[in-house]
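Read off the chains here:
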Amino acid sequence: MTPSSSYLDSSAWNELFRKMLKIRLAESRVAEIYPTDKIQSPVHLSLGQEAIAAGVCHALRPDDHIYGTYRGHGIFIAKGGDLKKAFAELYAKNTGCCRGKGGSMHYVAPEVGLMGCSAIVASTIPVAVGDAFAAKYLGLDRVTVAFFGDGAVGEGVFFESLNFAALKQVPVIFVLENNNYAVHSCVKERHKVTELYKFGEGLGIKGIRTDGFDVANVYANMREAVQTVRGGGSPMVLEFMTHRWAEHVGPGADHNEKYRDRALLNLAIERDSIQMAKNTMKRGLGFSDDDFLRIENELKAEIDEAVGFAEKSPIPDKKELYEGLFKERI
Ligand SMILES: Cc1ncc(C[n+]2csc(CCOP(=O)(O)OP(=O)(O)O)c2C)c(N)n1
Ligand SMILES: [Mg+2]
């Protein structure tokens, strides 16, 4: 059963919409800049998947922790990370969120609860479970979220993490962004059972599969999960169905490369989260085209400022090379 989203008022819609549009516009800017080679790392864009980051993070408190993958721009923005630090990190500048050492795939913003992202598929899932275990052990009532893709479900460590989370009943929510592809291979070529949300069932972990395009639906399901998990409930798996608009890595399109059909992109665009939010906000809440234009202009100005900051920031000094490492082991 889909929980009701009717309690979303005008200000909540405004915030969800801004989050999604900020991700869309920031990543579109990344795509524009990328061919200039100013960006020093590969970029995995989450264009088309914005509603998941926005809806999930909107249901969290600032002190709740999240972990992500190399496709982490969206969750960085949605959890409230500083856009200047995000762009500076792409430019490998020392003002970046990893002081220029991590690039696009390793965003962090511990000040707002984004504790880590990693390029190794599934690797942040056990870390998120350990983090949730620590919260329980310390008597804190925060919730931890592990974001990951359908590809991560094929990794052994996903099952180990489910087992440990179930055994210790830790306050973790597994947020599975199912865009149906791990690079070029689709779920049904990788799994006997394609209902990925069921993989924790044997351990007593409740899972649901639901629409990942409708931000109100994402938020409503996440809100309910947070209420269940916070303060001692059983862990949960939320599988959100979505579609990646861009190629796996890079700013280009790839629906002409045979592994997936252009018709799928057309269907996804018909269910564009941002357009659907606009329709709802216009119909039910009195937002006008002028309101949307004003929001867009404000966000674009913020992005301009962040890009300017990244361009002007210095590259890390050579002496910083060994800082932040386990020096005693080098
Ligand atoms: C342990 C590991 N195996 C393989 C890779 C190569 N790899 C990078 S991304 C990726 C696909 C992951 O797909 P998914 O989890 O569905 O996330 P999406 O890219 O769709 O967001 C793979 C196999 C890797 N980075 N790490
Ligand atoms: Mg995937």
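Residues numbered from 1 in each chain as written. Chains lettered and ligands numbered in written order. Predicted model: local features only at pLDDT ≥ 70, side-chain atom pairs only at ≥ 80, totals over all residues.

This next bit is on the pairing of strand E1 (residues 65-69). Most of E1 sits inside the fold, with five of its five residues counted as buried. Side chains of E1 alternate between two faces, with His65, Tyr67 and Thr69 and Ile66 and Gly68 buried alike. Of the strand pairs in this sheet, E1 and strand E3 (residues 144-149) are connected by three bridges, and their pairing is parallel. Looking at E3, one finds that Ile66 is bridged to Val145. Here E1 runs beside strand E2 (residues 114-118); their pairing, made up of four bridges, is parallel. Following the sheet pairing, Thr69 is matched in E2 by Ser118. (Buried ≥ 20, exposed ≤ 12 C-beta atoms within 10 Å, placed from the backbone. Helix = DSSP H or I, 4+ residues; strand = E, 2+ residues; numbered from the N terminus. Pairing = 2+ DSSP bridges.)

Each pair of packed helices gets described by two things: the angle between the helix axes and the distance between those axes. The geometry of helix H5 (residues 124-138) relative to helix H6 (residues 156-168) is characterised by a closest axis approach of 9 Å and an angle of 15° between their N-to-C directions. Taken together, the axis directions place H5 and H6 in an arrangement best described as roughly parallel. The two elements H5 and H6 meet at a crossing, and its hand is left-handed. Counting all contacts with H5, which are made through Ile125, Pro126, Val129 and Phe133, the residues of H6 involved are Val157, Phe158, Glu160, Ser161, Phe164, Ala165 and Lys168. Among the residues forming the contact of H5 with H6, the class breakdown is eight nonpolar, one polar and two charged. (Axes fitted to C-alpha atoms, helices over the stretch in contact; angles between N-to-C directions. Parallel < 35°, antiparallel > 145°, perpendicular 65-115°, else oblique. Left-handed = near helix turned anticlockwise from the far one by under 90°. Contact = placed C-beta atoms within 7 Å. Nonpolar A, V, L, I, M, F, W, Y, C, P; charged D, E, K, R; others polar.)

Every one of the 13 residues lining ligand 1 counts as a neighbour, but Val121, Gly149, Asp150, Gly151 and Ala182 are closest to it. The residue makeup of the shell around ligand 1, split by class, is seven nonpolar, four polar and two charged. (Near = placed C-beta within 6 Å.)

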